[in-house]
Amino acid sequence: MSIAVIHPGYKSSLGETRNTYTLRGCRQAAATADVAAAEGRQPAWIQGMALRSEPAMAAGRDQVNPQAGRDCVADVYAQAGITNPIEEIDAVECYVPFSWYEPMWMENLGFAEVGEGWKLTESGATGPDGKLPVNCSGGVLSSNPIGASGMIRFGEAAMQVRGMAGDHQVDGVRRALGHAYGGATQFFAMWVVGTDKP
């Protein structure tokens, strides 16, 4: 089933409020995309989603470019038919708790070659008006309610696709990537949402 992220407090046909997550004011409501479309709202169609993990203390584990992150995003891109992410993704909501994580994740997510992610950030390509806008919502650097941060990244990606991101809306977003991780950079969840039904 494809899901569309709807405004907080969405009422189902049964009358109850459906929220997939509520914590410290974060409410993400979900309904089928067909319902959203029937009500004249742009759905955020899930075009790919995946989860991956790896042991935190494995010998030789790359903590800067974790294999689980690479595997997770490769699966998501394959499901969404993405072969050139820098050209096919219009916005990214990425879990960046410290500024140096952005270039690291740009590499892990396939937007830059290993060792080159800093160039995307330094050039302004990841700014709101750049080639690949990253965290136009302010991301985790501006607010990090542990436990809800990943869901917020997913919700923000969907809001970009739906044209509902308000002051931080990027013009013309047709596809967005939502990215979350946890633990010792060992647990990953990602999705690609878009305006087109898969």
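Model, not experiment: these values are computed from the prediction.

This brings us to the packing of aromatic side chains. Here the structure, examined in full by the defined rule, presents 9 aromatic pairs. An angle of 55 degrees between the planes, with centres 4.4 Å apart, marks the rings of Trp100 and Tyr101 as tilted. Among the residues examined, Tyr101 registers a relative accessible area of 10% and is labelled buried. Considering the side-chain rings of Tyr101 and Tyr181, the 5.9 Å spacing of their centres and the 15 degrees angle between planes classify their relative orientation as stacked. Placement of the pair is Tyr101 in helix 4 (residues 101-108) and Tyr181 in strand 6 (residues 175-182), with a sequence separation of 80 residues. For Tyr181, a relative accessible area of 12% gives the class buried. What links up through ring pairs into an aromatic cluster is the set Tyr95, Phe98, Trp100, Tyr101, Trp105, Tyr181 and Phe188.

Attention shifts here to the sheet that holds strand 6. Sheet strands pair via backbone hydrogen bonds, and the direction of the pair is either parallel or antiparallel. Taken together, 4 strands build an open sheet; the order of strands is 4-7-6-5 and the sheet is mixed. What marks the edges here is a single partner per strand, and that holds for strand 4 (45-53) and strand 5 (91-93). For this sheet the average axis-to-axis angle between neighbouring strands, irrespective of direction, equals 15 degrees. Two elements, strand 6 and strand 7 (residues 187-194), share 8 bridges in a ladder whose sense is antiparallel. Bridging from a neighbouring strand, Arg175 pairs with Gly194 of strand 7.

A few words now on empty space enclosed by the protein. The full count for this structure, using the stated rule, is 1 cavity of 30 Å³ or more. Lining the largest cavity, in full, are Ala91, Val92, Glu93, Pro133, Val134, Asn135, Cys136 and Gln160. Among the elements that take part in the lining of the largest cavity, strand 5 stands out by supplying 3 residues, more than any other. Grouping the amino acids of the lining of the largest cavity by side-chain chemistry returns 5 nonpolar, 2 polar and 1 charged.

The share of residues in the chain with pLDDT of 70 or more is 83%, and the mean pLDDT across the chain is 84. Here residues 1-30 is modelled with pLDDT under 50, and outside its nearest four sequence neighbours on either side it reaches 76 contacts, counting other chains as well.

With that settled, consider helix 2 (residues 67-80). For an α-helix, the turn length of 3.6 residues means that residues three or four places apart are oriented alike. Spanning 14 residues, helix 2 covers 20 Å between terminal C-alpha atoms, matching the ideal 20 Å at 1.5 Å per step. When we look at burial in helix 2, the residues that qualify are Ala68, Gly69, Cys72, Val73, Val76, Tyr77 and Ala80. Along the axis of helix 2, the buried positions cluster into a sector of 160 degrees, meaning they face one direction only. Looking at the packing, one finds that the buried side of helix 2 touches strand 4, helix 3 (85-88), helix 4, strand 6 and strand 7. Within two residues after helix 2, Gly81 carries a phi angle of roughly 75 degrees, on the positive side.

This next bit is on helix 4. Counting buried positions along helix 4 gives 8 out of 8 residues, so the element sits mostly inside the fold. Among the residues of helix 4, Tyr101, Glu102, Pro103, Met104, Trp105, Met106, Glu107 and Asn108 are the ones counted as buried. If you follow the buried residues of helix 4, they end up packed against helix 2, helix 5 (117-123), strand 6 and strand 7. The positive-phi residue at the C-terminal boundary of helix 4 is Gly110, with phi of around 85 degrees.

In this structure, Tyr77, Ile89, Trp105, Leu109, Phe111 and Leu177 are the most contacted members of the largest nonpolar core, which totals 31 residues. Elements represented by at least two residues in this core include exactly helix 2, helix 4, strand 6 and strand 7. The biggest single contributor to this core is helix 2, with 6 residues. Dropping the residues within four chain positions of it, Leu177 is found in contact with Tyr77, Ile89, Ala91, Val92, Glu93, Leu109, Phe111, Ala157, Met190, Trp191 and Val192. Membership of the second largest hydrophobic core comes to 15 residues, among which are Cys136, Phe154, Ala176 and Ala189.

Turning next to the environment of Phe98. One can find Phe98 in the loop between strand 5 and helix 4. Taking the C-alpha atoms as reference points, Phe98 and Val140, separated by 42 residues in sequence, lie 8.3 Å from one another.

About the criteria used
- Residues numbered from 1 in each chain as written.
- Predicted model: local features only at pLDDT ≥ 70, side-chain atom pairs only at ≥ 80, totals over all residues.
- Heavy atoms only, no water.
- Phe/Tyr/Trp six-rings, centres within 6.5 Å; stacked < 30°, edge-to-face > 60°.
- Buried < 20%, exposed > 50% of the residue type's maximum accessible area, 1.4 Å probe, protein only.
- Helix = DSSP H or I, 4+ residues; strand = E, 2+ residues; numbered from the N terminus.
- Pairing = 2+ DSSP bridges.
- Axes fitted to C-alpha atoms, helices over the stretch in contact; angles between N-to-C directions.
- 1 Å grid on protein atoms, 1.4 Å probe; cavity = no way out; pocket = protein on both sides within 12 Å on 5 of 7 lines; lining within 4 Å.
- Points joined across faces, edges and corners; volume = space filled by probe spheres on them.
- Nonpolar A, V, L, I, M, F, W, Y, C, P; charged D, E, K, R; others polar.
- pLDDT = per-residue confidence, 0-100.
- Contact = heavy atoms within 4.5 Å.
- Expected span 1.5 Å × (residues − 1).
- Arc of directions from axis to C-beta.
- Core = buried A, V, L, I, M, F, W, Y, C linked by side-chain atoms within 4.5 Å.

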